[in-house]
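Coordinates in review
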Amino acid sequence: IRDQFEKLHLERELLENAHEVVAVGKRFSRSILAHYPSVSTRIHACHAGSPTDQMPPPEWPWPIQDNRLRVVCVGRPTGQKGWDYLFAALEALVSREPGLAARLELVAVGGLGSWNGPYSSFSSRLSSALSGLESIRFHNASALSHKQVRSLLQSADLLVHPAVFEPFGLVLLEAMQAGCCVLSTNADGPAEVISPPWGRAVDFQNPRERAQQLFEGLVGFLGWDRAELEQRGRLAQQASRVFTWSRCVKTHLLALEQAAADAGRVSDTAEPLPVLAHTTKQPPLGPT
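Residues numbered from 1 in each chain as written. Predicted model: local features only at pLDDT ≥ 70, side-chain atom pairs only at ≥ 80, totals over all residues. Heavy atoms only, no water.

Contact pair helix H7 (residues 170-177) / helix H10 (residues 226-240): the axes reach a minimum separation of 7 Å and the direction vectors enclose 125 degrees. It follows from the interaxial angle that H7 and H10 lie oblique. The way H7 lies across H10 gives a crossing that is left-handed. Residues Leu173, Met176 and Gln177 of H7 form the contact with H10, whose participating residues are Ala236, Gln237, Ala239 and Ser240. Residue composition of the contact of H7 with H10, grouped by class: 4 nonpolar, 3 polar and no charged. (Axes fitted to C-alpha atoms, helices over the stretch in contact; angles between N-to-C directions. Helix = DSSP H or I, 4+ residues; strand = E, 2+ residues; numbered from the N terminus. Parallel < 35°, antiparallel > 145°, perpendicular 65-115°, else oblique. Left-handed = near helix turned anticlockwise from the far one by under 90°. Contact = heavy atoms within 4.5 Å. Nonpolar A, V, L, I, M, F, W, Y, C, P; charged D, E, K, R; others polar.)

Under the criterion given, the structure shown has 0 disulfides. Cys180 provides the cysteine sulfur closest to Cys181, a residue in no disulfide bond, and the two sulfurs are 7.5 Å apart. Here Cys248 stays free of any disulfide, with the sulfur of Cys46 as its closest cysteine sulfur at 3.8 Å. (Disulfide = S-S within 2.5 Å.)

The subject of this paragraph is the packing of aromatic side chains. Tallying each qualifying case throughout the model produces 4 aromatic pairs. Ring centres 5.6 Å apart and planes at 70 degrees place the aromatic pair Tyr85 and Phe204 in the edge-to-face group. Residue Tyr85 is located in helix H3 (residues 83-96), and its partner Phe204 is located in the loop between strand S8 (199-202) and helix H9 (210-222); the two are separated by 119 residues in the primary sequence. Each ring, one from Phe221 and one from Trp224, has its centre 4.8 Å from the other, and the planes form 65 degrees; the classification is edge-to-face. If you follow Arg96 out to its NZ or CZ, it ends over the ring of Phe215, 4.0 Å from the centre. Across the ring face of Trp224, the terminal group of Arg232 is positioned such that the distance to the ring centre comes to 4.1 Å. (Phe/Tyr/Trp six-rings, centres within 6.5 Å; stacked < 30°, edge-to-face > 60°. Lys NZ or Arg CZ within 6 Å of the ring centre and 35° of its normal.)

Moving on, we get to the pairing of strand S3 (residues 69-74). The buried fraction of S3 amounts to 6 of the 6 residues, a majority that puts the element mostly inside the structure. Of the two faces of S3, the one lined by Leu69, Val71 and Cys73 and the one lined by Arg70, Val72 and Val74 are each fully buried. Taken together, the 2 bridges between S3 and strand S6 (residues 158-161) define a ladder with parallel strand orientation. By the bridge assignment for S6, Val71 is matched with Leu158. (Buried < 20%, exposed > 50% of the residue type's maximum accessible area, 1.4 Å probe, protein only. Pairing = 2+ DSSP bridges.)

The next thing to look at is the pattern of salt bridges. Per the stated rule, a full pass over the model turns up 10 salt bridges. In this structure, Asp188 engages Arg27 in a salt bridge whose closest nitrogen and oxygen atoms are separated by 3.8 Å. Of this pair, Asp188 sits in helix H8 (residues 188-193) while Arg27 sits in helix H2 (residues 26-35); the two residues are 161 residues apart in sequence, bridging distant segments of the chain. Owing to a relative accessible area of 15%, Asp188 belongs among the buried residues under this scheme. On the basis of relative accessible area, Arg27 is assigned to the partly exposed category, the value being 29%. Put simply, Arg150 and Asp53 hold a salt bridge, and the shortest N to O gap is 3.0 Å. Separated by 97 residues along the polypeptide, Arg150 in helix H6 (residues 146-155) and Asp53 in the loop between strand S2 (43-45) and S3 bring together distant segments of the chain. (Salt bridge = Lys/Arg side-chain N within 4 Å of Asp/Glu carboxyl O.)

Shown next as structure tokens:
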């Protein structure tokens, strides 16, 4: 709780004192305005771009079988990322649809069970719970390099991203670019990026219904055959091309030019801001 209050204090200071603000999406910019209406004349919005370099070779922890649904979940093992709702949905799948559950292979990426920051005990409990699910193949890949994550996405059919709060979610674009379908939530970022027929953003407004929403989404994807999964994965890949880094750069350039103009209107007699000296010394580890 202390960490959260410190972050909120810093957030307020940054937004109130910035010359310009760039939000990672239009929906997220509206969320910022709802809490900080004073930035209404200083805010821009842009999306990040999908990866443009060559994809690494595909990897998967088990032999590839066409009758399996290969699922990846990527994110920090914290409450924000909705891992607990995913577990509840999988638990329901095992008990209510055991035949479908037996088709599912899940790889978790992000430090589940080895997370050392806030939510470390939450992460450990969740790792044990997921490992104990009957009939579902589960592999805890822990923390991986960016290249390794993209290799997994190359083999996967579906990215599940059950985020409670998500301004954008770059992993969504990385999954789409790899030809993955996406099951996520109607948080700001996913709701702006995901669309049928290759993606589904389930309603997460009511906490009591979140697990059920994810359960229904998983059942829907498990109902697709191999040809349908691959065809819709290609549609996801096409959709990722709309999100370009050149658009992102243009928006940031506009914000920088505007910020420079705003700063130029400050009185010439104002004291210059101190310049922080560059140092390679690492600060002591503290709350993240």
